[in-house]
Amino acid sequence: MGISRDSRHKHRKTGGRRNIHQKKRKFEMGRPAALCKLGHRRVRPVRGRGGNMKFRALRIDAGSFSWGSEHCAMKVRILDVVYNATSNELVRTKTLTKNSIVQIDAQPFKQWYLKKYGVDLSKKGKGAKKADGKDAEEEETKQSRHVIAKLKARAAKQKLEPLIEDQFQSGRLLAAIASRPGQSGCCDGYILEAEELVFYKKKLEKKKKA
């Protein structure tokens, strides 16, 4: 029969049955769900109506994720799927859909933050601003006084959310997927922050207790 997106088969608003007076049409055609999984990249091109191309991601393991408050985006590895509002089955099978909550590798963002602010996010508190031993001395010799002053000025103005700071120590950041992997062939999104992060943290804690 095939997947059809027509509404002729539906009941009337009043509840009555409709007489079907025409066959299915090509422009009403639907396709099976891609159900993109976490794994080594595998993307297939699909020809759509009007000769337009869709890119069906069947497996994907990396994407471009943005850090909104810092105005930066990095290509990072996707490590795990942790929450999906639709079903826990999609979490169990590690299916990537739009608005899935995933864990991504924090390392590229750590390196960017260290370069911009001179703060190492893998260490907490006062020790974060100074690396240990010889490496610190080497770094200090490499940097000019002007650069050190600039980094200090930036770091003084900068405030990082405690929840995000904790995630940087674990090396994994919570992020939401904003693209549609089954349509665009890429898995892009954004790091969770502020109220949205608190909301999903609560959801994950509740899931652990259950």
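Residues numbered from 1 in each chain as written. Predicted model: local features only at pLDDT ≥ 70, side-chain atom pairs only at ≥ 80, totals over all residues. Heavy atoms only, no water.

Novice: What's the story with the sheet that holds strand β2 (residues 42-47) in this structure? I'm lost.
Specialist: Strand pairs in the sheet, formed through backbone hydrogen bonds, run parallel or antiparallel to each other. Across the sheet, which stays open at both edges, the three strands sit in the order β1-β3-β2 with mixed pairing between neighbours. The open sheet has two edge strands with one neighbour each: β1 (37-38) and β2. (Pairing = 2+ DSSP bridges. Helix = DSSP H or I, 4+ residues; strand = E, 2+ residues; numbered from the N terminus.)

Novice: I'm lost on the packing of helix α5 (residues 162-170) against helix α7 (residues 194-209) in this one. Help?
Specialist: The relative placement of two packed helices is expressed as an angle between their axes plus a distance between the axes. Between α5 and α7, whose axes approach to 10 Å, the crossing angle comes to 60°. In terms of their interaxial angle, α5 and α7 are classed as oblique. Between α5 and α7, the contacting residues are L163, I164 and Q167 on the first element and L197, V198 and K201 on the second. For the contact of α5 with α7, the per-class residue count stands at four nonpolar, one polar and one charged. (Axes fitted to C-alpha atoms, helices over the stretch in contact; angles between N-to-C directions. Parallel < 35°, antiparallel > 145°, perpendicular 65-115°, else oblique. Contact = heavy atoms within 4.5 Å. Nonpolar A, V, L, I, M, F, W, Y, C, P; charged D, E, K, R; others polar.)

Novice: Where do I start with the confidence of the model for the protein chain in this structure?
Specialist: In regions of low pLDDT, the predicted coordinates are not meant to be interpreted in detail. Across the protein chain, the average pLDDT comes to 88, with 91% of residues at 70 or higher. Confidence scores differ between elements of the protein chain, with helix α3 (residues 133-142) showing the lowest mean pLDDT of 53 and strand β8 (residues 189-191) the highest of 96. (pLDDT = per-residue confidence, 0-100.)

Novice: Got a minute to help me understand the sheet that holds strand β7 (residues 172-177) in this structure?
Specialist: With mixed pairing, five strands are arranged side by side around a closed barrel as β4-β5-β6-β7-β8. Here the strands of the sheet are splayed against their neighbours by 50° on average, with no regard to which way each runs. Pairing of strand β4 (residues 62-67) with strand β5 (residues 72-83), which is carried by six bridges, proceeds in the antiparallel orientation. Counted as the bridge partner of G63 is V76 from β5. Against the sheet, helix α2 (residues 107-117) makes contact with β4, β5, β6 (101-105), β7 and β8, and its axis sits at roughly 145° relative to β5, the strand it touches most. Where α7 meets the sheet, it contacts β5, β6, β7 and β8, and its direction lies at approximately 25° from that of β5.

Novice: Can you help me understand the packing of aromatic side chains in this one?
Specialist: Two descriptors summarise a pair of aromatic rings, namely the distance from one centre to the other and the angle between the planes of the rings. Tallied over the entire structure, the rule returns eight aromatic pairs. Seen in terms of ring centroids, W67 and F168 are 5.4 Å apart; in terms of plane orientation they differ by 45°. Their pairing is tilted. In this pair, W67 sits in strand β4 while F168 sits in helix α5, placing the two residues 101 residues apart along the sequence. One exposure class covers both W67 and F168, and it is buried. Ring centres of F199 and Y200 lie 5.1 Å apart, and the angle between their planes is 85°; this geometry places the pair in the edge-to-face category. Note on F199: relative accessible area 44%, which makes it partly exposed. Owing to a relative accessible area of 10%, Y200 belongs among the buried residues under this scheme. An aromatic cluster of at least three residues, connected via ring pairs, comprises W67, F109, W112, Y113, Y117 and F168. (Phe/Tyr/Trp six-rings, centres within 6.5 Å; stacked < 30°, edge-to-face > 60°. Buried < 20%, exposed > 50% of the residue type's maximum accessible area, 1.4 Å probe, protein only.)

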